[in-house]
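# Reading the structure
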Amino acid sequence: MKTSLDHLAIFGGAPEFTELLHVGRPNIGNREKLFDRFNDILDRRWLTNHGPYVSEFEQRIADLIGVKHCIAMCNATIGLEIAFRAAGLKGEVIVPSMTFVATAHALQWQEITPVFCDIDPDTCTIDPNRVEELITPRTTGIVGVHLWSRPCDIDALEEIAERRNLKLLFDAAHAFGCSFHGKMIGNFGDAEVLSFHATKFLNSGEGGAVVTNDDELANKVRLMKNFGFEDIDKVVYIGTNGKMNELSAAMGLTSLESLEEIIAVNYRNYKCYESEIKRIPGVELKLFNESEKCNYQYIILDLDETIAGVSRDQMMDILWAENVLTRRYFYPGCHLMEPYRSYFPHAGLLLPVTNDLSQRILAMPTGTAISPGDIGKIAQIMHFVIAHSAEVREGFKSIQRTAG
Ligand code: T4K
């Protein structure tokens, strides 16, 4: 690397990468098989409403997880809404603020109050020690989020939910293919909700699923995702349209066939980041527990400004200018987004770990679109920036002065 900052794109140089390296680049399965399935769908002229590909997809997911019921959905957000309603959540529900805003919206959308809970600094998932103090007579449930392919402290949450007679559900959007104490995610709490969005480990374009071992809950979810129809012309429930379509199921089935390859690539990338990042002062890679099954889908860095000499946001700006589109999953926390920010202006007082972590984390590009060579170059840029942190800070100040 050159010793002057001038070659960094933000200070006038050309970007290191000519093509954009995105977080969330979809993993694409075998195209021929996908097009065969699309042709089959078109020949059959059955595009949605419980078609054969959706049934096959549901069965394959249920078998893989070892769960009794898998109900495919058009996306995880609707899946969460339906699961929450079917489980009878109302009043207040305890949920982490460190999540994608869909988790909170799925509650608020049906006028259930999300009560934001802080996270454990080690697991970065909802802190069971903080949950109990948020329980009030209006509390009906707890929603844990298995963040960045890492399960919550499920044992502790189950103990609280049982003792306090609360429902327990999990937003498992990030955790398909992961296990907790050797048991696959999808088997815990009253129900768990998976996402098969384009950016996820397994993708169906858009899609999701509610998975549960509870027969009655599964039946309600099935009715609710189809307007409440129990039979032709017979509606027995309030419902919505949460159905997955056949094209998405075809994409999901095709992705499923490449699952092992995708895990292998994600793991290779993870190990590559691990060896590169440990040489960079002030930056830590969030490690996975390799004794569990994992999809290795989220590469998360924790940047400590006091050691690195540059802030997470300065590092992100530089990487973006180099065409490395990192993301701050999840900044600033749901409690600082509307409408929650206005509803609960003091929520942050109880969320010190969330507030701190959301300033430091950076999700990095991975998946089948990223090579070890790319990761080496990304690390080189980061290393260079930190080695020249004083000049970088000065550079940002002068950019600000010019802009002002
Ligand atoms: N719970 C949790 C914990 C979640 O993380 C999510 C979704 C949900 C619930 C709800 O699940 P779904 O209802 O979506 O099934 C993206 C995704 O849209 C969202 O699904 C995901 N979490 C979230 C973490 O990431 P944004 O707002 O960051 O999306 P966007 O458009 O900025 O794209 C993200 C990155 O992916 C970019 O770098 C571009 C890249 N990308 C995206 C798409 C769609 C591609 O390269 N190709 C693509 O086709 O939310």
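Residues numbered from 1 in each chain as written. Predicted model: local features only at pLDDT ≥ 70, side-chain atom pairs only at ≥ 80, totals over all residues. Heavy atoms only, no water.

## Re the sheet that holds strand β9 (residues 191-195)
On the basis of which strands lie adjacent, the open sheet formed by seven strands has the order β2-β10-β9-β6-β5-β3-β4 and mixed pairing. Edge strands, defined here as strands with exactly one partner in the open sheet, are β2 (69-73) and β4 (113-117). In this sheet, adjacent strand axes meet at a mean angle of 25° when their direction is disregarded. Two elements, strand β3 (residues 92-96) and β4, share five bridges in a ladder whose sense is parallel. Within β4, the position partnered with Ile-94 by the bridge is Val-115. Helix-sheet contacts for helix α6 (residues 154-163) involve β5 (139-145) and β6 (167-171), and the interaxial angle to β6 is about 150°. Of the strands in this sheet, β2, β9 and β10 (208-212) are in contact with helix α7 (residues 215-224), which crosses β2 at around 20°. (Pairing = 2+ DSSP bridges. Helix = DSSP H or I, 4+ residues; strand = E, 2+ residues; numbered from the N terminus. Axes fitted to C-alpha atoms, helices over the stretch in contact; angles between N-to-C directions. Contact = heavy atoms within 4.5 Å.)

## Side note on the side chain of His-174
By the element assignment, His-174 lies in the loop between β6 and β7 (179-180). Only 2.9 Å separates the side chain of His-174 from the backbone nitrogen of Trp-148, close enough to count as a polar contact. Not counting residues within four places of it along the chain, the set of residues in contact with His-174 comprises His-146, Leu-147, Trp-148, Ser-149, Lys-200, Asn-295, Tyr-298 and Phe-330. (Polar contact = N/O pair within 3.5 Å; in protein donor to acceptor, adjacent residues only side chain to side chain.)

## Here's the deal with the domain arrangement of the protein
Looking at the assigned domains, one finds that the protein contains domain 1 (4-27 + 259-326 + 365-403) and domain 2 (31-257). Once you take the C-alpha centre of each, domain 1 and domain 2 turn out to be 31 Å apart. Between domain 1 and domain 2, the contact holds 19 residues from the first and 25 residues from the second. Interface area for domain 1 against domain 2, summed over the two sides, is near 1800 Å², with a carbon-plus-sulfur share of 53%. Taken as a group, Leu-259, Asn-295 and Tyr-298 account for 38% of the area that domain 1 buries against domain 2, more than any other trio of residues on that side. For the pair domain 1 and domain 2, the number of links is zero salt bridges. Connecting domain 1 to domain 2 are 13 residue pairs in polar contact (both at pLDDT 80 or more). Residues belonging to the side of domain 1 that touches domain 2 are distributed by class as follows: ten nonpolar, five polar and four charged. (Domains from an automatic or database assignment. Buried area = accessible area lost by both parts, 1.4 Å probe. Salt bridge = Lys/Arg side-chain N within 4 Å of Asp/Glu carboxyl O. Nonpolar A, V, L, I, M, F, W, Y, C, P; charged D, E, K, R; others polar.)

## Examining the site of the ligand
Around the ligand lies a shell of 24 residues, among which Val-23, Arg-25, Thr-77, Asp-171 and Tyr-329 are the nearest. In this structure, Arg-327 approaches the ligand through a side-chain N or O atom, which is 2.7 Å from an oxygen atom. Within the complex, 76% of the 920 Å² of free accessible area of the ligand lies under protein. Contributions of two or more residues to the shell around the ligand are made by α3 (76-86) and α4 (101-108). Looking at the shell around the ligand residue by residue, the classes come out as nine nonpolar, eleven polar and four charged. Taken domain by domain, the makeup of the shell around the ligand includes at least three residues from each of domain 1 (4-27 + 259-326 + 365-403) and domain 2 (31-257). (Near = heavy atom within 4 Å. Areas by Shrake-Rupley, 256 points an atom, 1.4 Å probe, with all protein chains shown as cover.)

## So, the environment of Thr-326
With respect to the secondary-structure elements, Thr-326 resides in the loop between β15 (324-325) and α12 (340-343). On the basis of relative accessible area, Thr-326 is assigned to the buried category, the value being 0%. Residues Thr-326 and Leu-362, 36 residues apart in the sequence, show an inter-C-alpha distance of 6.5 Å. (Buried < 20%, exposed > 50% of the residue type's maximum accessible area, 1.4 Å probe, protein only.)

## What to know about helix α15 (residues 389-403)
An α-helix turns once per 3.6 residues; consequently, residues spaced three or four apart project the same way. Counted at 1.5 Å a residue, the expected span for α15 with its 15 residues is 21 Å, and the 21 Å between its end C-alpha atoms agrees. Residues of α15 that are buried include every one of Ser-389, Val-392, Gly-395 and Phe-396, and no others. The arc that holds every buried residue of α15, seen down its axis, measures 115°, which confines them to one face. Within α15, the exposed residues directed more than 90 degrees away from the buried face are Arg-401 and Thr-402. Taken together, the buried residues of α15 touch α10 (305-308), α11 (312-321) and α14 (372-387). (Expected span 1.5 Å × (residues − 1). Arc of directions from axis to C-beta.)

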